[in-house]
Amino acid sequence: MDAKTATNCSIAANFTGNLSLRPAVQSVPLGPEVSPFDEFFKFAFGSAIYIIIASFVTVLANGLLLVVFFFDPLKTFRTATTYFLIGLAFVDILTAASQEPMYATCFIMMYLGHPDTLATCTPLLSVGQVIAVAAMNASFLIVLAFTITQYIVLASPLKYGRRVTKSRVVICVLAIYAYSILFSHFPVMSLTEEIVQKIDNIFHSITLVYVTIIFYILLYVVFRKKMAASKSLQEHKTTQDRVRDNKQTGVERKFIIINFLLIAILFLTSQPSAVLWIYRLYSNEDPNTPRVLIVNLMLADNLLYLKFLLDPFVYAWRIPRYRRALKYVMRCGREEPEETFSDRVMAKVSKSRETVVALDFKCIKG
């Protein structure tokens with residue numbers, strides 16, 4: 001192995017940081033012929049292919065979400081809480097269109113032993129690091145704010161529903177952007193890198209995620225109470241009432257599945273990274289060994305990329321009304337989408353403040 005390839009090995013330790021702050025560059029002792037990072041380079045190349053595909057799908061899915069938002073013929077996605085999802089879509093697109101291609105390019109260059117790997121990837125790594133930290137923290141914070149807002153509106157629609165306005169949601173999203181960008185620049189400020197890493201892991205990757213899960217659970221509890229209250233108002237059961245009860249049971253079952261899905265995706269895509277960061281920060285083992293880097297890459301970084309990819313599908317694409325609106329937009333309005341009974345009911349009750357729409361379950365009368 002030549003000297004340039006050996007130098008490329010030394011930078012390999014800087015490419016996996018769970019989309020967060022990278023460890024300091026360390027020289028890697030190499031033998032005359034075999035590099036201990038050869039196996040990592042193979043995994044890095046496979047990860048680069050995965051990242052390229054994930055990046056393309058993420059940009060496409062989130063781009064279509066923005067298209068539907070700006071040209072929505074059904075006017076379904078112009079509610080206040082929708083702006084949280086739009087803010088999340090911009091974060092996903094930024095990451096998929098910039099940071100992910102940077103890392104994929106450098107992984108491929110390392111695998112090929114390109115002589116310009118160090119010169120090319122050092123600045124790319126620095127920029128990608130800032131983007132990754134800001135994007136991931138903004139993503140967690142937006143999901144938390146969206147969930148808290150849904151809980152507040154569902155719990156007290158008449159009291160707090162009017163306070164959730166588009167302007168306030170936009171201000172909240174912009175504040176999250178500002179905080180995330182500021183935090184991503186802490187390593188170049190007065191704080192030491194180790195302190196920033198610990199704050200980032202404990203507060204953003206662990207605390208925010210578990211607080212969000214708690215609000216998912218509270219959201220379900222309130223949802224159950226609303227459903228029970230709706231059933232108790234029906235003193236005499238008619239055939240129509242029984243049909244309505246069956247529909248409510250189906251809605252409740254669907255909400256349970258969706259709630260569990262959201263919790264599972266959030267937990268499984270974020271916590272492997274958090275656990276590995278704890279290991280990197282507090283273990284005596286060298287965090288830049290090939291074995292640790294491979295685990296980091298496959299079980300942490302790639303899962304975080306998966307979160308950006310799944311966001312539009314979890315929060316928008318699974319909703320039938322979104323798919324109908326997208327179909328209508330893609331046809332350039334040549335075919336008027338059919339208005340269903342649930343659409344008409346939704347349009348009527350949305351004029352009063354007695355109905356809450358949380359995620360995609362239809363209507364819950366308070």
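Since the structure is predicted, the reported quantities are computational estimates derived from the model, not experimental observations.

Colleague: Explanation requested: the overall build of the protein chain in the structure shown.
Modeller: Within the protein chain, the regular secondary structure consists of 11 helices and 2 strands. Expressed as a percentage of its 366 residues, the buried residues of the protein chain come to 48%.

Colleague: Help me out: how do you make sense of the side chain of Ser-270 in this one?
Modeller: Position of Ser-270 among the secondary structure elements: in helix 8 (residues 239–282). A distance of 2.6 Å separates the side chain of Ser-270 from the backbone oxygen of Leu-266, its partner in a polar contact. Excluding its chain neighbours within four sequence positions, the residues that come into contact with Ser-270 are Phe-140, Val-209 and Leu-304.

Colleague: Please clarify how the pattern of salt bridges should be interpreted in this entry.
Modeller: Should the charged atoms of two oppositely charged side chains come close, the side chains can pair. By the definition in use, this model includes 1 salt bridge. In this structure, Asp-311 and Lys-307 form a salt bridge, with 3.1 Å as the shortest nitrogen-oxygen distance. You can see Asp-311 and its partner Lys-307 sitting in helix 9 (residues 290–317), 4 residues apart, about one turn around the helix.

Colleague: Honestly, the UniProt feature "transmembrane region" (unreviewed entry) in the protein chain in this entry has me stumped. Any pointers?
Modeller: According to UniProt, the feature "transmembrane region" (unreviewed entry) maps to residues 48–71, 83–112, 124–148, 169–190, 202–223, 256–279 and 291–317 in the numbering used here. Note that residues 48–71 is 96% helix and 0% strand, and that its end C-alpha atoms are spaced 34 Å apart. The distance from the first to the last C-alpha atom of residues 124–148 is 36 Å, and the span holds 100% helix and 0% strand.

Colleague: Is there a simple way to think about the nonpolar core in this case?
Modeller: If you look at the biggest cluster of nonpolar residues, it comprises 31 residues, and the most contacted ones within it are Phe-84, Ile-142 and Tyr-315. Of all the secondary structure elements, the ones that give two or more residues to this core are helix 3 (82–112), helix 4 (117–155), helix 6 (166–184), helix 7 (193–232), helix 8 and helix 9. For this core, the element with the highest residue contribution is helix 4, accounting for 10 residues. Phe-37, Ala-44, Ile-294 and Tyr-305 belong to the second largest nonpolar core, which has 17 residues in total.

Colleague: Looking at this structure, how should I read the environment of Phe-140?
Modeller: Secondary-structure assignment places Phe-140 in helix 4. Judged by its relative accessible area of 4%, Phe-140 is buried. Along the primary structure Phe-140 and Ser-270 are separated by 130 residues, whereas in three dimensions their C-alpha atoms are 9.4 Å apart. Residues contacting Phe-140, with those up to four places away along its chain left out, are His-204, Ser-205, Leu-208, Val-209, Leu-266, Ser-270 and Lys-307.

Rules used throughout
Numbering of residues starts from 1 in every chain and runs along the sequence as written. Reporting of local features is limited, given that this is a predicted model, to residues whose pLDDT is at least 70; pairs of side-chain atoms are given and counted only at 80 or more, and all residues count toward the totals for whole chains, interfaces and linings. Each side-chain value is derived from all of the structure's non-hydrogen atoms; neither hydrogens nor water enter the calculation. Helix numbering and strand numbering both begin at the N terminus, where a helix is a DSSP run of H or I of at least 4 residues and a strand a DSSP run of E of at least 2. Classification of residues uses two cut-offs on accessible area relative to the type maximum, computed with a 1.4 Å probe and protein chains only: under 20% is buried, over 50% is exposed, and between them is partly exposed. We call two N or O atoms a polar contact when they sit within 3.5 Å, provided that within protein one can donate a hydrogen and the other can accept it, with sequence-adjacent residues counted only if both atoms are side-chain atoms. In this analysis, two residues are considered to be in contact whenever any of their non-hydrogen atoms come within 4.5 Å of each other. Every case where a carboxyl oxygen of Asp or Glu lies within 4 Å of a side-chain nitrogen of Lys or Arg is listed as a salt bridge. UniProt positions are given in the numbering used here, feature names are shortened, and annotations may be inferred rather than shown by experiment. To qualify as a nonpolar core, a set must consist of buried Ala, Val, Leu, Ile, Met, Phe, Trp, Tyr and Cys residues joined through side-chain atoms within 4.5 Å.

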